[in-house]
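Understanding the architecture of this molecule
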Amino acid sequence: MKAVALAVRVGWRGLALRKGRAALMMLGVAIGVVTLTLVVSVGRGAKAKVESGINAFGADGMLITAGSPQFRGPGDERVTTLTPEDATALRARVQGIRVLAPMVVRLEQTLVYQGNNMTAPVIGSTPDYGEAWDWPVVSGEELSEAHEAAAARVAVIGKTIAQELFGAVAPVGESMRIGEQAFKVIGVLAPRGVSPMGMDMDRRVVVPLSTGMRRLFNVSWYTMLRVRATSIDGVDAVGREATGLLRERHHIGPTDTDDFAIRSPATFRAMATEMSGMLTMMLGIITVIALVAGAVVLANILLAAVAERRVEIGLTRALGATKRQIVQQFVVEGLVVTVAGGAVGVAVGTIGAALLGGIGALPAVVTWEPFALALVASLTVGLLASFVPARRAAAIEPATALRP
């Protein structure tokens with residue numbers, strides 16, 4: 001331990017005498033550790049955001065959308081493969097369904113209130129919409145069976161619509177236009193936030209299903225079906241039964257592709273994990289490149305230091321220092337620099353992650369993991385980068401180094 005402590009003191013003294021060189025060596029490691037910290041923080045933040053979105057989606061819920069499973073949007077409005085008869089069959093023949101709410105969706109519809117206008121998705125659905133999504137209104141009233149039976153021109157709007165279209169005006173009781181038709185706002189939905197796929201869930205208008213199908217969009221098919229199972233454990237079973245029933249009803253052969261897609265929390269988690277994995281991989285490659293570059297810079301500077309300090313090394317050997325002690329001195333110098341650079345990198349990366357999370361540019365959560373990974377990365381870079389220079393320094397013979 002005394003030998004190590006001595007090596008640390010000598011190494012630190014050597015770095016203190018060459019502050020500019022030490023700062024340059026620290027910089028290469030710090031850049032790599034900054035990216036490492038951001039990778040871990042963004043990965044954790046993305047995971048937390050996905051879990052939050054899935055909780056909002058409903059652990060016992062699923063979506064059955066028209067169109068190919070490869071289509072990842074909220075259902076293709078041009079596809080006519082989901083019909084009212086499909087919904088009736090699912091209710092009657094699939095065990096474990098607690099609620100089923102059909103929907104017709106059009107993504108970018110023009111909304112107008114007095115001098116303000118905006119575009120937003122318009123959804124036609126049944127009075128079961130609130131229960132199907134576990135989504136109550138916070139003011140006004142929900143859609144009712146009477147509204148559905150009369151194909152009434154009434155609407156429930158999300159928080160974003162209330163804020164951006166109506167501003168300071170209380171929207172309940174006001175009239176707005178959807179396209180060219182006037183609708184009375186009867187309620188405002190509770191705030192919901194962002195979906196697992198990054199969509200603003202509060203930017204939407206919900207009208208009675210019959211109104212959407214007959215008055216607005218003139219269709220006889222559904223865009224999607226929102227299903228809630230009787231239990232979380234039963235979601236997969238309901239999904240399998242629904243898949244089998246729809247394939248049978250749509251006459252889809254064993255090798256044919258489905259003309260519908262069933263998406264559950266597990267599906268969204270897998271999709272989000274795939275995208276998060278791609279982001280983490282790209283940032284990870286940048287991290288590796290930065291750390292390797294830092295190691296190369298450090299190794300070259302240490303090699304240059306060996307050449308410059310030949311006399312010092314020779315004198316140290318002549319005074320009794322062993323080759324092992326010379327190796328220790330250079331390895332310690334490398335480790336001190338990389339650990340200090342790692343500390344700076346973690347500090348900068350943590351601040352950067354906090355800023356990214358604060359402004360919403362990227363989801364980022366600061367945890368203890370970057371600190372541990374930064375220490376491991378710094379020690380690894382320090383050992384690898386200083387090994388060859390240390391061996392070269394130890395190989396210098398005193399007689400050769402001190403010769404005039």
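First, a word on scope: everything that follows refers to the structure included in this document. (Residues numbered from 1 in each chain as written. Predicted model: local features only at pLDDT ≥ 70, side-chain atom pairs only at ≥ 80, totals over all residues. Heavy atoms only, no water.)

Along the backbone of the protein there are 13 helices and ten strands. The 404 residues of the protein split such that 47% are buried. Sequence separation of 24 or more characterises 79% of the internal contacts of the protein that already satisfy a separation of 6 or more. Here the protein displays about 19600 Å² of accessible surface, and carbon together with sulfur accounts for 62% of that area. (Helix = DSSP H or I, 4+ residues; strand = E, 2+ residues; numbered from the N terminus. Buried < 20%, exposed > 50% of the residue type's maximum accessible area, 1.4 Å probe, protein only. Contact = heavy atoms within 4.5 Å. Areas by Shrake-Rupley, 256 points an atom, 1.4 Å probe, with all protein chains shown as cover.)

This next bit is on unusual backbone geometry. With a phi angle near 50 degrees, Gln 114 is a residue other than glycine that sits in the positive phi range. Note that Gln 114 resides in the loop between β2 (97–113) and β3 (116–125). Notably, Ala 151 is not glycine yet its phi reads approximately 50 degrees, a positive angle.

Our focus in this paragraph is a nonpolar patch on the surface. On the surface, a nonpolar cluster with roughly 310 Å² of combined accessible area is contributed by Met 281, Ile 285 and Ile 289. Tracing the chain through its elements places Met 281 in helix α9 (residues 265–308). Note on Met 281: relative accessible area 52%, which makes it exposed. (Patch = residues over 30% accessible without salt bridge, like charges linked within 9 Å, V, L, I, M, F, W, Y side chains within 5 Å. Salt bridge = Lys/Arg side-chain N within 4 Å of Asp/Glu carboxyl O.)

Take the pattern of salt bridges next. Within this structure, the stated rule accounts for seven salt bridges. One salt bridge connects Glu 131 with Arg 98, and the closest N-O pair in it is separated by 3.4 Å. Placement of Glu 131 in helix α4 (residues 129–133) and of Arg 98 in strand β2 is noted, with a sequence separation of 33 residues between them. Members of the salt-bridge network, linked through shared partners, are Asp 60, Arg 98, Glu 131 and Arg 228.

Before going further, it helps to spend a moment on the pairing of strand β6 (residues 175–178). Burial along β6 is one-sided: the face carrying Met 176 and Ile 178 is buried and the face carrying Ser 175 and Arg 177 is not. Summarising the sheet, β2 and β6 pair through two bridges and their orientation is antiparallel. Its bridge partner lying in β6, Leu 111 is registered against Ile 178. Bridging between β6 and strand β7 (residues 181–189) involves four bridges; their strand directions are antiparallel. Bridge pairing in β7 places Met 176 opposite Phe 183. Taking the residues between adjacent antiparallel strands as the criterion, β6 and β7 are bridged by two residues, where Gly 179 takes a positive phi near 70 degrees. (Pairing = 2+ DSSP bridges.)

Another aspect to go through is helix α8 (residues 235–249). Structural remark: α-helix, 3.6 residues per turn; residues separated by three or four positions point the same way. Compared with the 21 Å implied by 1.5 Å per residue over 15 residues, the 21 Å span of α8 between its first and last C-alpha is a close match. Among the residues of α8, Val 235, Val 238, Gly 239, Ala 242, Leu 245, Leu 246 and Arg 247 are the ones counted as buried. In this structure, the buried side of α8 is in contact with β1 (61–66), α3 (84–93), β2, β9 (224–229) and β10 (260–263). Looking one or two places after α8, you find His 251, whose phi comes out positive at around 55 degrees. (Expected span 1.5 Å × (residues − 1).)

Let us now look at the side chain of Thr 81. Note on placement: Thr 81 falls in the loop between β1 and α3. Engagement of the side chain of Thr 81 in a polar contact is seen with the backbone oxygen of Asp 259, the distance being 2.8 Å. (Polar contact = N/O pair within 3.5 Å; in protein donor to acceptor, adjacent residues only side chain to side chain.)

Let us look at the pairing of β3. Taken residue by residue, a regular strand's side chains alternate between the two faces of the sheet. Counted residue by residue, β3 has seven buried out of ten residues, so it is predominantly covered. Sheet analysis places β2 next to β3, joined by nine bridges and oriented antiparallel. Among the inter-strand pairings, Arg 106 is bridged to a residue of β3, identified as Val 122. From the end of β2 to the start of β3, which pair antiparallel, there are two residues, and Gln 114 there has a positive phi angle of about 50 degrees. Relative to strand β8 (residues 205–208), β3 runs parallel, the two sharing four bridges.

In contact at an axis separation of 10 Å, α3 and α8 are set at 135 degrees when each is read in the N-to-C sense. Judged by the angle between their axes, α3 and α8 are oblique. Seen along the crossing, α3 lies across α8 with a hand that is right-handed. Residue-level inspection shows Glu 85, Asp 86, Ala 89, Leu 90 and Arg 93 of α3 in contact with α8, the latter providing Glu 241, Ala 242, Leu 245, Leu 246, Glu 248 and Arg 249. Here the residues of the contact of α3 with α8 are counted per class, giving five nonpolar, no polar and six charged. (Axes fitted to C-alpha atoms, helices over the stretch in contact; angles between N-to-C directions. Parallel < 35°, antiparallel > 145°, perpendicular 65-115°, else oblique. Left-handed = near helix turned anticlockwise from the far one by under 90°. Nonpolar A, V, L, I, M, F, W, Y, C, P; charged D, E, K, R; others polar.)

Once that is clear, we can look at the environment of Arg 93. Looking at the secondary structure, you find Arg 93 in helix α3. Along the backbone, Arg 93 and Glu 241 are 148 residues apart, and their C-alpha atoms lie at a distance of 8.7 Å. In contact with Arg 93, other than residues within four places in its own chain, are Glu 241, Leu 245 and Glu 248.

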